[in-house]
Amino acid sequence: GGGRGAGCPGESRAQLVVPRLGDGEGVDDLRRPLRGRDDGLTGLLPGCVVYHRSGWGEGLIESIDVGEQSFNVRFREDGMTRSMPFTTGLDVLIPLKDDDLRARLLTDPEGLAADAAERPAVLVRAVTRLHKGKATAKEVKHWLIDSVVPARSWASWWKKAKTAAVHDPYLS
């Protein structure tokens, strides 16, 4: 499904989200920064994977703090969990689709490892999607080495991936 990480609920409107957060004090406060931006909450719930467009990269929304009116996001690059106000999050967090490589790096390491072993062209294709349909060998390596393919196996994996890519209709 679009805009959801492994545990990301599919509701897209704030009026569906607010009841999930409970009836406790502060829930009404959630509505204030979201007024007129209900659909901005699509993909901005606990379990959703997002991309921070101002430099922190991809992250997983771990929780929402209604009292503080903030998202708590664990970023892949440094493993740190950062809190950000709802209003800031709505401006800088972009929900990622389940099949986006950046989301899969956080939610599907086992699936990525299986793809690396059995369907390497799928991973090359995933990197090309991040680079507007074209990716250099250096870009593929940047995204996959150590995070998906162990460095010690890179040369042999890349040889196999190049061969598979030649036969992939999406890449040729």
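Refer to the structure printed above.
Residues numbered from 1 in each chain as written. Predicted model: local features only at pLDDT ≥ 70, side-chain atom pairs only at ≥ 80, totals over all residues. Heavy atoms only, no water.

Peer 1: Can you walk me through the sheet that holds strand 3 (residues 70-75) in this structure?
Peer 2: To summarise the sheet geometry, strands pair through backbone hydrogen bonds and adopt either a parallel or an antiparallel arrangement. Taken together, the five strands give an open sheet; going across it, the order is 4-3-2-1-5, and neighbouring strands pair in antiparallel fashion. Pairing within the sheet leaves two strands with one partner each, and these edge strands are strand 4 (81-85) and strand 5 (93-95). The average undirected angle you get between the axes of adjacent strands in this sheet is 40°. Relative to strand 5, strand 1 (residues 49-52) runs antiparallel, the two sharing three bridges. Among the inter-strand pairings, His 52 is bridged to a residue of strand 5, identified as Leu 93. (Pairing = 2+ DSSP bridges. Helix = DSSP H or I, 4+ residues; strand = E, 2+ residues; numbered from the N terminus. Axes fitted to C-alpha atoms, helices over the stretch in contact; angles between N-to-C directions.)

Peer 1: How should I be thinking about the pairing of strand 1 in this particular structure?
Peer 2: Side chains on a regular strand alternate between the two faces of the sheet. Looking at chain direction, strand 1 and strand 2 (residues 57-65) are connected through four bridges and run antiparallel. Paired with Val 50 across the strands is Gly 59, a residue of strand 2.

Peer 1: Just to check I follow, could you spell out the layout of surface pockets for this structure?
Peer 2: Unoccupied space between atoms shows up once a probe the size of one water molecule is rolled over them. The space that makes up the largest pocket amounts to roughly 210 Å³. Lining the largest pocket we find Tyr 51, Gly 55, Trp 56, Gly 57, Glu 58, Arg 76, Glu 77, His 142, Trp 143, Ile 145 and Ser 147. For the lining of the largest pocket, the secondary structure elements donating two or more residues are strand 2 and helix 7 (137-144). Within the lining of the largest pocket, the residues separate by chemical class into four nonpolar, four polar and three charged. (1 Å grid on protein atoms, 1.4 Å probe; cavity = no way out; pocket = protein on both sides within 12 Å on 5 of 7 lines; lining within 4 Å. Points joined across faces, edges and corners; volume = space filled by probe spheres on them. Nonpolar A, V, L, I, M, F, W, Y, C, P; charged D, E, K, R; others polar.)

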